[in-house]
Amino acid sequence: MGDCESVAPQLEGEENLIAAAKHIVRALGSNKNLTKDVKKILADLGSQLSTMATIDDEGVEGLKSGIEEHLSVVEEKIMSWETDESMIWDSGPDEAFEYLSAVDEARKLIQVLENRCLNGEDEKELLRRAHDVLQLAMQRLEEEFKYLLVQHRQPFEPEHISFRSSEDDGVDVGSMVSFGDESFEESARRDSVSRTSEECIIDLVHPDVIHDLKCIANSMFMSNYDHECRQAYVIVRKDALDECLFDLEIEKFSIEDVLKMEWGTLNSKIKRWVRAMKVFVRRYLASEKWLCDQIFSELGSANFVCFVEAAKAPMLQLLNFAEAISIGPHQPEKLVRFLDMYEVLADLLLDIDALFPDEAGSSVKVEYHEVLKRLADSVRATLVEFKNAIATNTSTNPFAGGGIHPLTRYVMNYLRLLVDYKDTLNLLLKNDGSVPVLLSPDSSPSTEDESTSNDFSGGVSAMTLHLQSLTSILEANLHEKSKLYRDASLQHFFLMNNIHYMAQKVKNSELRVIFGDKWIRKHNWKFQQHAMDYERATWSTILSFLKDESNSSNSSISRTLLKERLRSFYVAFEEVYRTQTAWLIPDVQLREDLRISTSLKVIQAYRTFVGRQMYHIGEKHIRYNAEEMQDYLLDLFEGSQKSLHNPHRR
């Protein structure tokens, strides 16, 4: 093709030169002042130029013949592969180079023919043949392009995450009657993937064939088959992206499918989605963008267009799932998952804006921002539902044993779980939702020793105010529940247990930073007050039997009264023993403290009474000595009812 390519410009240049020279000769010959010798020279020169023009016309005919001959050679090379079922690039680099060279020659022949503006039928036929040959070559290159992309695709293995095991890991926030301390420790484990592993670029196609893919793409683009090349790439890579989602165990669901799912199933799907989202965007899409850049970097905006067209559908599939979650019911148990989804989308916001920066990717970016906003709204709505659920949680029967109510456990452990999301919650509770919030690793609020956590301006943070309002609603609910007990002692006992539990949860967890020491001191005082009220309500009347109000210890009436009072004390004590051994204080330290406080009052009063009145009452009327009484008091608050049927046997 090198000879044919050089002949055409050369002849065309000579034609122009001869025409210009003839024009100059005619202009000079019209000058009447020229001598005869000069006129003769100009005449000879004109004659020579005319001869040269005639020779040039014969050269054109030779060019046509040369083009046809060269086209036949190119056509033979390209057609030879039409009957061969093997792939060109499997036959070695020499065959691939020769084929691309033949395609290049066909394209140049078309350019020569089109530039010559040939008008004859034979010339038009040459042009048609050349176009047909190029079209066949383009179809073949498209197949080879797809083949290389598929055959040399490298598997994507998210080895750093065990997706299949994640479905059953831990116990998540459940209903308000099932969420306890043991399950909390498991549910509090937030799924995470290291950013280093997320951002690792991988070769989705073997590096050895990138040059070949680039050569094919360049050839197709230069031949005006750029649309076919892009389409071939998008088809293959979209399938690869779909397979990546399959490997990450992301299934295709309609919004209706998601809304119909049971929470247990949906919860597992969300956990997988959160884990997969980071890997898919930061690792897979980043690698996909890198692949596009390698192949199409010299072809204008093709690299970006191909990436967007391949990635759009898988991204929208992921976003559609999040959208379906956001428009579903806002039950309190879903709040943590809403926060997980919001945080991963907020964390990837800059990545998405970088991957889909301009108009071609605007549909993905707009949808992404919209879903992020909807999830933010879902978080706020779920917090409102959570508050309402606490306020409206009613009981028809008192909680047996006066221990820690399931609602108290649920709410406090729930609040502990929310501490992990304090930055997000502070921003969402302050933000009106009109603009998606982008999280910053340095956005945690400051704290003060004596008060509660502060926001950025120095005031109490939005999250602190919200969580404190939740505990206030919980306390109000507990007071209502305490009224279900007929026994005033048990009312105070119940409130003591539950407020102590609340205070300890705050004191011994990250909630302390949110609530502050002032809140803790206030609630310590509250449960201690209820403990004193319990002692007063339980033992004041009983210990009044041990007061010696007799003025004449020698009278038979006084002795009878003392015996009756002691007997009444024993009856009351044994009833308290029978009843309050069934009451429960789950906290070991609180149980010991209340036993010691009770024992000090009861045993001291009993020992004093018996010591003073033993002579008047008689030893046979003394059922228990002080040590036995103290041992019996140690049986209280274990949650297992006991009775003192035999005065001297437990």
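Just so we're clear, the structure is a prediction, and the values are computed from it rather than from any experiment. (Residues numbered from 1 in each chain as written. Predicted model: local features only at pLDDT ≥ 70, side-chain atom pairs only at ≥ 80, totals over all residues. Heavy atoms only, no water.)

Undergrad: Before we go on, may I ask you to explain the overall build of the chain in this structure?
TA: For the chain, the count of helices and strands is 24 helices and 0 strands. For the chain, the proportion of its 650 residues judged to be buried stands at 47%. In the chain, 80% of the contacts between residues at least 6 apart in sequence involve partners at least 24 apart. (Helix = DSSP H or I, 4+ residues; strand = E, 2+ residues; numbered from the N terminus. Buried < 20%, exposed > 50% of the residue type's maximum accessible area, 1.4 Å probe, protein only. Contact = heavy atoms within 4.5 Å.)

Undergrad: I keep staring at the nonpolar core and nothing clicks. Help me out?
TA: Looking at soluble globular proteins, one finds that nonpolar side chains tend to be buried together. Core analysis: the biggest nonpolar cluster contains 173 residues, and F145, W273, F296, M315 and F569 have the highest contact counts within it. In terms of residue count, the dominant contributor to this core is helix 11 (residues 263-296) (16 residues). With near-sequence residues (within four places) excluded, M315 lies in contact with M277, F280, V281, L285, I352, F356, V364 and Y368. (Core = buried A, V, L, I, M, F, W, Y, C linked by side-chain atoms within 4.5 Å.)

Undergrad: Sorry, what's going on with the pattern of salt bridges here?
TA: A side chain with one charge may pair with a side chain of the opposite charge, provided their charged atoms come close. Applying the stated criterion to the full structure yields 36 salt bridges. R107 is the partner of D104 in a salt bridge, and the nearest nitrogen-oxygen pair spans 2.2 Å. With a gap of 3 residues between them, D104 and R107 both fall in helix 3 (residues 93-116), about one helical turn apart. The salt bridge partner of D226 is R230, with a shortest N-O separation of 3.2 Å. Highlighted residues: D226 and R230, both in helix 9 (residues 226-247), separated by 4 residues, approximately one helical turn. By relative accessible area, which is 23% here, R230 ends up partly exposed. (Salt bridge = Lys/Arg side-chain N within 4 Å of Asp/Glu carboxyl O.)

Undergrad: For this particular structure, what's the right way to read the environment of D533?
TA: Position of D533 relative to the elements: it lies in helix 21 (residues 517-544). Residues D533 and F493, spaced 40 residues apart in sequence, show a C-alpha to C-alpha distance of 8.4 Å. Within the structure, D533 has its side chain in polar contact with the side chain of R536 (distance 2.7 Å). (Polar contact = N/O pair within 3.5 Å; in protein donor to acceptor, adjacent residues only side chain to side chain.)

Undergrad: In this structure, what is going on with the packing of helix 11 against helix 13 (residues 335-347)? I would like to understand it.
TA: Two quantities define a packed helix pair, namely the angle between the helix axes and the distance between the axes. Close contact between helix 11 and helix 13 brings their axes to 10 Å; oriented N to C, the two are set at 10 degrees. When the interaxial angle is binned, helix 11 and helix 13 end up roughly parallel. In contact with W263, N267, I270, K271, W273, V274, M277, K278 and R282 of helix 11, helix 13 contributes R337, D340, M341, V344, L345 and D347. Among the residues forming the contact of helix 11 with helix 13, the class breakdown is 8 nonpolar, 1 polar and 6 charged. (Axes fitted to C-alpha atoms, helices over the stretch in contact; angles between N-to-C directions. Parallel < 35°, antiparallel > 145°, perpendicular 65-115°, else oblique. Nonpolar A, V, L, I, M, F, W, Y, C, P; charged D, E, K, R; others polar.)

Undergrad: It is not clear to me how the packing of aromatic side chains should be interpreted in this structure. Could you clarify?
TA: The geometry of an aromatic ring pair comes down to the distance between the two centres and the angle between the two planes. A complete count under the given rule lists 25 aromatic pairs for this structure. An angle of 50 degrees between the planes, with centres 6.4 Å apart, marks the rings of F573 and Y624 as tilted. With F573 in helix 22 (residues 556-580) and Y624 in the loop between helix 23 (588-617) and helix 24 (626-633), the pair connects residues that are 51 residues apart, well separated along the chain. Residue classification places F573 among the buried residues on the basis of a relative accessible area of 1%. Residue classification places Y624 among the buried positions, given a relative accessible area of 1%. By the ring-pair criterion, three or more aromatic residues cluster together here, those being W539, F569, Y570, F573, Y577, Y606, Y624 and Y632. (Phe/Tyr/Trp six-rings, centres within 6.5 Å; stacked < 30°, edge-to-face > 60°.)

Undergrad: Can you walk me through the confidence of the model for the chain in this structure?
TA: As a general rule, the predicted coordinates of low-pLDDT regions are not to be interpreted in detail. Overall, the predicted model of the chain reaches an average pLDDT of 81, with 76% of residues at or above 70. Counting interchain partners and residues more than four positions distant, the pLDDT-below-50 stretch residues 192-197 has 10 contacts. This model gives residues 432-452 a pLDDT under 50, and the stretch forms 46 contacts once residues within four places in sequence are excluded. (pLDDT = per-residue confidence, 0-100.)

Undergrad: I would appreciate a short explanation of the packing of helix 21 against helix 23 in the present structure.
TA: Packing of helix 21 against helix 23 brings their axes to within 11 Å, and their N-to-C directions diverge by 30 degrees. Between helix 21 and helix 23, the angle falls in the class roughly parallel. Of the two elements, helix 21 crosses helix 23, and the hand of that crossing is right-handed. Contact with helix 21, carried on its side by F527, A531, Y534, E535, W539 and L543, involves L590, L594, S597, T598, K601, V602 and A605 of helix 23 and no other residues of that element. Of the residues that constitute the contact of helix 21 with helix 23, the class distribution is 9 nonpolar, 2 polar and 2 charged. (Left-handed = near helix turned anticlockwise from the far one by under 90°.)

Undergrad: Would you mind showing me how to read helix 23 here?
TA: Each α-helix turn comprises 3.6 residues. Residues three or four places apart therefore point the same way. For helix 23, built from 30 residues, the straight-helix expectation of 44 Å at 1.5 Å per residue is missed by more than 12%, its first-to-last C-alpha distance being only 38 Å. At G611, helix 23 shows its largest bend, some 40 degrees. Where helix 23 begins, the capping side chain belongs to D587, and its oxygen is found 3.2 Å from the backbone nitrogen of Q589. Two residues or fewer past helix 23, G618 is found with a positive phi of approximately 95 degrees. (Expected span 1.5 Å × (residues − 1). Bend = angle between axes of the 7 residues up to and from the residue.)

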